[in-house]
Amino acid sequence: MIGIGIDVSKDWLDVAVHGEEPTQRFSNDAAGLAGLVRWLKGRRSVRVLVEASGRYEQGVLDALCEKGVWVCRLNARQVRDFAKATNRLAKTDAVDAKVLAHMVVALGEQLRRHELPDPWRTQLRAWVQRRRHVVGRIQQEKQQLAGVSEAVLRAHIEALISLLVKEKQALEREIRQRIKAHATAALSSLKGIGTVMKATLLAQLPELGLLDRKAIAQLVGVAPLNDDSGGRRGYRRIGGGRASVREVLYMAAVVAVRWEPSIKPFYERLRAAGKPAKVALVACMRKLLTILNARLRDERRALAVQ
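This write-up is about the structure you can find in this document. Bear in mind that the values here come from a model prediction, so they are computed numbers and not experimental data.

Looking at the overall build of the chain
Within the chain, the secondary structure is distributed over eleven helices and seven strands. For the chain, the C-alpha atoms occupy an extent of roughly 60 × 60 × 55 Å along the three principal directions. The 306 residues of the chain split such that 41% are buried. A fraction of 60% describes how many contacts in the chain between residues 6 or more apart in sequence connect residues 24 or more apart. As displayed, the chain offers around 17,300 Å² of accessible surface, 52% of which is attributable to carbon and sulfur atoms.

Looking at the pattern of salt bridges
According to the stated counting rule, one finds 18 salt bridges in the structure shown. With its nearest N and O atoms 2.8 Å apart, the salt bridge here joins E57 to R73. Within this pair, whereas E57 is found in the loop between β4 (46-51) and α2 (58-66), its partner R73 is found in strand β5 (residues 70-74), the two being separated by 16 residues in sequence. For E57, a relative accessible area of 2% corresponds to the buried category. Residue E174 is joined to R178 by a salt bridge in which the shortest nitrogen-to-oxygen separation is 2.9 Å. Of this pair, E174 and R178 both sit in helix α6 (residues 151-178), separated by four residues, roughly a single helical turn.

Brief notes about the pairing of strand β2 (residues 12-17)
For β2, the tally of buried residues reaches five of six residues, placing the bulk of the element in the interior. In this sheet, β2 lies alongside strand β1 (residues 2-8) in antiparallel orientation, the contact comprising five bridges. Each residue of the ladder has a partner; that of I4, found in β2, is V17. Between β1 and the antiparallel strand that follows it, β2, lie three residues.

Brief notes about the sheet that holds β5
Ordered by their spatial adjacency, five strands build an open sheet running β3-β2-β1-β4-β5, and the pairing between neighbours is mixed. Edge strands, defined here as strands with exactly one partner in the open sheet, are β3 (24-27) and β5. For this sheet the average axis-to-axis angle between neighbouring strands, irrespective of direction, equals 25°. Two strands pair when backbone bridges link them, and β4 and β5 are joined in this way by five bridges, in the parallel orientation. Pairing of R47 across the sheet is with W70, part of β5. Its contacts with the sheet place helix α1 (residues 30-41) against β1, β2, β3 and β4, and it is angled at close to 145° to β3.

Considerations on the side chain of S53
Its place among the elements puts S53 in the loop between β4 and α2. Residue classification places S53 among the buried positions, given a relative accessible area of 18%.

Some details on the side chain of E172
Relative to the elements of secondary structure, E172 occurs in helix α6. Overall, the relative accessible area of 15% leaves E172 in the buried class. Apart from the residues within four sequence positions on either side, E172 is in contact with R131 and V196.

Description of the nonpolar core
Core analysis: the largest hydrophobic core is formed by 43 residues, its most contacted members being L205 and L208. Broken down by secondary-structure element, the contributors of at least two residues to this core are α5 (119-146), α7 (195-204), α8 (213-220), α9 (243-259), α10 (264-272) and α11 (277-305). Sorting elements by how many residues they give to this core places α11 first, with eleven residues. When residues no more than four places from it in sequence are discounted, the contact partners of L208 are L187, L201, I216, L289, L292, N293, L296 and R300. L40, A63, C65 and V69 belong to the second largest nonpolar core, which has 21 residues in total.

Thoughts on the packing of helix α3 (residues 76-85) against helix α4 (residues 93-107)
Relative to each other, α3 and α4 sit at 90°, their axes nearing to 10 Å. Between α3 and α4, the angle falls in the class roughly perpendicular. Residues Q78, V79, R80, F82 and A83 of α3 touch α4, and the partners they reach there are D96, V99, L100, H102, M103 and A106. A breakdown of the residues in the contact of α3 with α4 according to their chemical character gives seven nonpolar, two polar and two charged.

Things to note about the packing of α1 against α2
For any two helices packed against each other, one specifies the crossing angle of their axes together with the interaxial distance. With their axes 10 Å apart at the nearest point, α1 and α2 run at an angle of 45° to one another. As summarised for this structure, α1 and α2 are arranged oblique, according to the angle between their axes. You can see that α1 and α2 cross each other, and the crossing is right-handed. Residues L33, L36, V37 and L40 of α1 form the contact with α2, whose own contacting residues are G59, V60, A63 and L64. Here the residues of the contact of α1 with α2 are counted per class, giving seven nonpolar, one polar and no charged.

How each quantity is defined
- Residues numbered from 1 in each chain as written.
- Predicted model: local features only at pLDDT ≥ 70, side-chain atom pairs only at ≥ 80, totals over all residues.
- Heavy atoms only, no water.
- Helix = DSSP H or I, 4+ residues; strand = E, 2+ residues; numbered from the N terminus.
- Buried < 20%, exposed > 50% of the residue type's maximum accessible area, 1.4 Å probe, protein only.
- Contact = heavy atoms within 4.5 Å.
- Areas by Shrake-Rupley, 256 points an atom, 1.4 Å probe, with all protein chains shown as cover.
- Salt bridge = Lys/Arg side-chain N within 4 Å of Asp/Glu carboxyl O.
- Pairing = 2+ DSSP bridges.
- Axes fitted to C-alpha atoms, helices over the stretch in contact; angles between N-to-C directions.
- Core = buried A, V, L, I, M, F, W, Y, C linked by side-chain atoms within 4.5 Å.
- Parallel < 35°, antiparallel > 145°, perpendicular 65-115°, else oblique.
- Nonpolar A, V, L, I, M, F, W, Y, C, P; charged D, E, K, R; others polar.
- Left-handed = near helix turned anticlockwise from the far one by under 90°.

Take a look at the structure:
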């Protein structure tokens with residue numbers, strides 16, 4: 001197996017092959033991607049690793065997936081931690097590419113291959129991301145409004161908030177229409193799962209229903225991480241994973257602990273046992289995700305039998 005790392009920036013793709021010293025550079029555009037694919041054709045058993053870099057890597061992922069090349073994407077924190085562990089403290093595009101090439105060989109089967117998403121899922125993801133951005137802008141403007149006393153300036157901010165709220169409503173109407181054909185009964189089977197939650201799961205968690213409960217919890221970042229050493233038993237925390245999915249899962253859990261029969265008693269038992277509210281709520285997030293994962297898995301199996 002040949003490990004190849006690609007460091008992605010807005011304009012360039014720096015490519016390293018594990019065990020080979022010189023690196024290659026291609027432009028991060030259609031011509032450069034075509035050149036990269038031609039260059040890879042001469043190599044067999046290739047595994048490519050790229051680092052998430054603000055969506056600039058999306059073109060590389062799509063181009064390689066379309067050609068059947070094995071490719072994986074990892075977040076920057078994981079890559080940097082690996083670089084420090086292997087004593088590569090310098091940081092340049094070429095060094096980062098070599099770190100990625102080394103990493104794909106060292107981790108091997110632990111890495112998950114990136115799959116080309118369905119076109120409808122890619123489009124839905126763009127709508128969900130835009131809504132998330134608009135919601136963030138609304139919150140920012142409301143925070144600024146709270147600190148402004150001048151009437152004219154307040155009127156400007158209020159007008160902008162009004163426009164943003166209208167855009168948010170329009171985005172939600174469009175999202176609601178787009179998920180109609182894909183939001184199956186399993187996704188609607190729990191209280192607390194609204195339009196935004198369904199759209200986020202469909203767009204950003206295509207693995208739902210395909211992995212076991214531990215793997216899906218780790219992927220989203222709601223699996224408790226141990227922090228033990230010797231006789232010390234540290235505090236369990238969650239982290240990593242897909243933050244955007246975790247955010248909407250939190251809001252769904254807040255509703256579910258009040259109204260969902262499969263979640264509310266579970267939350268109450270945890271609180272009665274002395275668990276802090278935040279710990280109990282995270283456990284409910286994980287349980288909610290596990291139930292959805294199992295129901296979607298069973299739904300897919302039933303459809304396959306028909």
